[in-house]
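Survey of secondary and tertiary structure
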Amino acid sequence: MQHFNPTRRRVLGLLAAAGLALSSLSATALAAGSDTLNIGYQKYGTLVLLKAQGTLEKRLAPLGVKVKWAEFPGGPQLLEALNVGSVDLGTTGETPPIFAQAAGADLLYLANEPAAPEGEAIVVGKDSPIRSVKDLKGKRVALNKGSNVHYLLVRALEKAGLKYEDITPVFLNPADGRAAFQQGSVDAWVIWDPFLAAAEKQLNARQLADGKGIVNNTQFYLARKPYVASNPKVIKVVLEELQRLDAWGKSHIPEVAAELSGQIGLDKDIVQVAAKRSGYGVKLLDGKVVAEQQRIADTFFKLKLIPKPLVVKDIVWDGK
């Protein structure tokens, strides 16, 4: 059994906020052995396309490596799986890696997609009397704890002259968040695409603010540090395949939407809205991206959302 000190245990509670059961997944992954690359993905994004096309499996076959895929409802749950060794590689937004690093997870940032600030937003019901972020004072706001939208909420409140303590956060995964939003048991919901696009199209949700001028909403690819050290060729193949798909997807939005629609079970029109708001172009982290991640870490430490200061550059892969 893996033992955690109190600091790690406290932060891992944030990562497991949605209550994901990992035991069976962990046993399966560990049984697969080092000849298997276990990839964690979410309901949307380039990894979903990669899974659908099957090209990664073909590229890795000569190396004797198989691929197994596992879907997660959000970044915090995915990185908790990575932390316990159930997943070797996955993608999340900008905030989950901060909580994971604070928990002592042995991970590395591999690469990132360009910023996509329009791909997440704070929304309210069509007929809600709330007209601005400032009106959220004293209100109940749903969000996935420790996810990318956690930082959006913090910064949007700050920009509106409010403190995080001025609202009541209601921590729910995307599915439960949508249900609470639809039922009116929360006043607002902070969510990302494609759930955001679905709420706008299906529920007539109205945006109070997206990430423009507030946060970057950068997507990251991360991996277990021991896996990267032992399998650098595999990591490079994965990134090459992601780069290939991104280069194609950037100029083929309708085709991306059509393929993702079939994979994730959302109407093509909804997925196309999300696809237009995505960032395309996987690349290794540069100084600007690292600095922004450091800013998030510093902000969360100041708010006591993480228990210790972090140095983000310490866990950035050098590409070698």
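Read on for an overview of the structure. From a predicted model like this one, the values you see are computed outputs, not experimental measurements.

1. Topic: the packing of aromatic side chains
Taken as a whole and judged by the stated rule, the model has six aromatic pairs. Plain terms: the ring middles of Tyr109 and Phe220 are 5.1 Å apart, the flat faces sit at 75 degrees to each other, and that makes the pair edge-to-face. With a gap of 111 residues between them, Tyr109 in strand E4 (residues 107–112) and Phe220 in strand E10 (residues 220–224) connect regions that are remote in the sequence. A relative accessible area of 1% places Phe220 in the buried class. Measuring from ring centre to ring centre gives 5.7 Å for Phe181 and Trp189, while their planes differ by 35 degrees; the resulting arrangement is tilted. With respect to class, Phe181 is no different from Trp189; both count as buried. By the ring-pair criterion, three or more aromatic residues cluster together here, those being Phe99, Tyr151 and Phe300.

2. Remarks on the environment of Asp318
Position of Asp318 among the secondary structure elements: in the segment after helix H14 (287–302). Judged by its relative accessible area of 52%, Asp318 falls in the exposed class. On a C-alpha basis, the gap between Asp318 and Ala111 in space is 9.8 Å, while along the polypeptide they are 207 residues apart. Within the structure, Asp318 has its side chain in polar contact with the backbone nitrogen of Lys320 (distance 3.0 Å).

3. Focus: the nonpolar core
Counting residues in each nonpolar core, the largest one holds 107 residues, and the members touching the most others are Leu37 and Ile122. Sequence-distant contacts of Ile122, that is, excluding residues within four places in its chain, are made with Val133, Leu136, Leu152, Leu153, Ala156, Ala188, Trp189, Val190, Arg206, Gln207, Leu208 and Ala209.

4. Structural notes on empty space enclosed by the protein
It is a probe the size of a water molecule, rolled over the atoms, that shows where empty space is left. Per the stated rule, a full pass over the model turns up one cavity of 30 Å³ or more. Approximately 480 Å³ is the volume found for the largest cavity. Around the largest cavity sit 31 residues that line it, and Tyr44, Gly45, Asp193, Gln219 and Ser278 are the ones nearest its centre. Broken down by secondary-structure element, the contributors of at least two residues to the lining of the largest cavity are helix H3 (46–53) and helix H12 (253–264). Considered class by class, the residues forming the lining of the largest cavity number 14 nonpolar, 13 polar and four charged. Each of domain 1 (36–115 + 217–315) and domain 2 (120–210) accounts for three or more of the residues forming the lining of the largest cavity.

The rules behind the values
Residues numbered from 1 in each chain as written. Predicted model: local features only at pLDDT ≥ 70, side-chain atom pairs only at ≥ 80, totals over all residues. Heavy atoms only, no water. Phe/Tyr/Trp six-rings, centres within 6.5 Å; stacked < 30°, edge-to-face > 60°. Helix = DSSP H or I, 4+ residues; strand = E, 2+ residues; numbered from the N terminus. Buried < 20%, exposed > 50% of the residue type's maximum accessible area, 1.4 Å probe, protein only. Polar contact = N/O pair within 3.5 Å; in protein donor to acceptor, adjacent residues only side chain to side chain. Core = buried A, V, L, I, M, F, W, Y, C linked by side-chain atoms within 4.5 Å. Contact = heavy atoms within 4.5 Å. 1 Å grid on protein atoms, 1.4 Å probe; cavity = no way out; pocket = protein on both sides within 12 Å on 5 of 7 lines; lining within 4 Å. Points joined across faces, edges and corners; volume = space filled by probe spheres on them. Nonpolar A, V, L, I, M, F, W, Y, C, P; charged D, E, K, R; others polar. Domains from an automatic or database assignment.

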